[in-house]
Amino acid sequence: MSRLFCAVVFIFFASLISARAILVDWSTVTWTPGSLSNSYDVDPANPGNDLTVAVTGDTGQLQPSLATGNPQTPAITNAFDGGLSPGHSTLELALNLASNAQSVTVTISFTSPGVNHVSFNLFDIDFSNASGNTYQDVISSITANSTAGTIAPTITNVGANATLSGSGTNQTLTGIVSTVDKGAGSNLGNATITFDGTGISSFTFTYSSGSMFADPTYQHIGIDNIDYTVVPETNPALLSLGLCITAIVASTWRRLAKHRREKNIDPS
Ligand SMILES: [Ca+2]
Ligand SMILES: [Ca+2]
Ligand SMILES: [Ca+2]
């Protein structure tokens, strides 16, 4: 019994230093519409802010959302379902680029020593060549920085209305068919981007329009929730505290057991 109790106590302390899954859920954080950089404290175990999301580049081309209230993007909106029901809130980027040489870049930096296995979806990577609606969503320069150097993404779940080209750190997602923002078929412009490394300090991608249109019209995408894991460095103080408490509990348990045995033997 005492061994079992000690094991439980030890497992409790060990669990404090094992990997934790962290989720940046856009429905639970705030982003002032049109602001270009925000930091979030999503991991209570890591003191202070854990990540900063920044949008740079031709940010003067950012446009209001088509979603309710038409907030200036970047904004957290429900413009896209991504084929989910209910749809997720996403960080929406809407652009009206003056030329296909313009772009915006999204960079997410982690303040903790480095995180592992970062993954997120992009919604509505699509294309239109209708009158008054001529754009081609292009996501490129998709890379992460880690203690091991630059990490290439693993890109999966690419919807039928987008295409993936290139390899390694040179992969590009390009919209090829117009896609509904909400409801059935809204998953066809999705892609899942994963950086399957450790010690990741930041990741980035660039959003632009393809070379087909010299002056693209309004275009938009959504960045879905971001998940990652954190493996805290083993805290020697915490570990010794755990071992110490386990030892004290074990010793007390032994003393009590001995006391009970002696009482049972004593016929008085
Ligand atoms: Ca934190
Ligand atoms: Ca334009
Ligand atoms: Ca789009």
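Note: the structure precedes this text.
Just so we're clear, the structure is a prediction, and the values are computed from it rather than from any experiment. (Residues numbered from 1 in each chain as written. Chains lettered and ligands numbered in written order. Predicted model: local features only at pLDDT ≥ 70, side-chain atom pairs only at ≥ 80, totals over all residues. Heavy atoms only, no water.)

(A) Representation of the overall build of the chain in the model. What the chain contains, in helices and strands, is 2 helices and 16 strands. Buried residues in the chain amount to 46% of all 268 residues. A sequence separation of at least 24 residues applies to 74% of the contacts in the chain between residues at least 6 apart. Summing over all exposed atoms, the chain offers an accessible surface of approximately 12,900 Å²; the carbon and sulfur share of this is 56%. (Helix = DSSP H or I, 4+ residues; strand = E, 2+ residues; numbered from the N terminus. Buried < 20%, exposed > 50% of the residue type's maximum accessible area, 1.4 Å probe, protein only. Contact = heavy atoms within 4.5 Å. Areas by Shrake-Rupley, 256 points an atom, 1.4 Å probe, with all protein chains shown as cover.)

(B) Local environment of the coordination of the calcium ion (ligand 1). For the calcium ion (ligand 1), the protein coordination sphere consists of Asp41 (OD), Asp43 (O), Asn46 (O), Gly48 (O), Asp50 (OD) and Asp50 (OD), at 2.2 to 2.6 Å. Linear spacing of the donor residues for the calcium ion (ligand 1) on their chain is D-x1-D-x2-N-x1-G-x1-D. (Donors = N, O, S within 2.8 Å, 3.2 Å for Na, K, Ca; no water.)

(C) Highlighting the environment of Val53. With respect to the secondary-structure elements, Val53 resides in strand E3 (residues 51–57). Among the residues examined, Val53 registers a relative accessible area of 0% and is labelled buried. Along the sequence, Val53 and Leu36 sit 17 residues apart, while their C-alpha atoms lie 8.0 Å from each other. Apart from residues no more than four positions distant in its own chain, Val53 is found in contact with Trp26, Trp31, Leu36, Ser37, Asn38, Tyr40, Leu91, Val106, Thr107 and Ile108.

(D) Spotlight on the coordination of the calcium ion (ligand 3). Ligation of the calcium ion (ligand 3) by protein atoms is provided by Asp124 (O), Asp124 (OD), Asp126 (OD), Asp137 (OD) and His220 (O), these donors lying 2.3 to 2.5 Å from the ion. Mapping the donors of the calcium ion (ligand 3) onto the primary sequence yields the spacing D-x1-D-x10-D-x82-H. Residue Asp124 is found in the loop between strand E7 (116–123) and strand E8 (127–130), and its partner His220 is found in strand E16 (residues 219–230); the two are separated by 96 residues along the sequence. Overall, the relative accessible area of 6% leaves His220 in the buried class.

Everything listed here is a matter of coordinates, which is why it stays silent on function.
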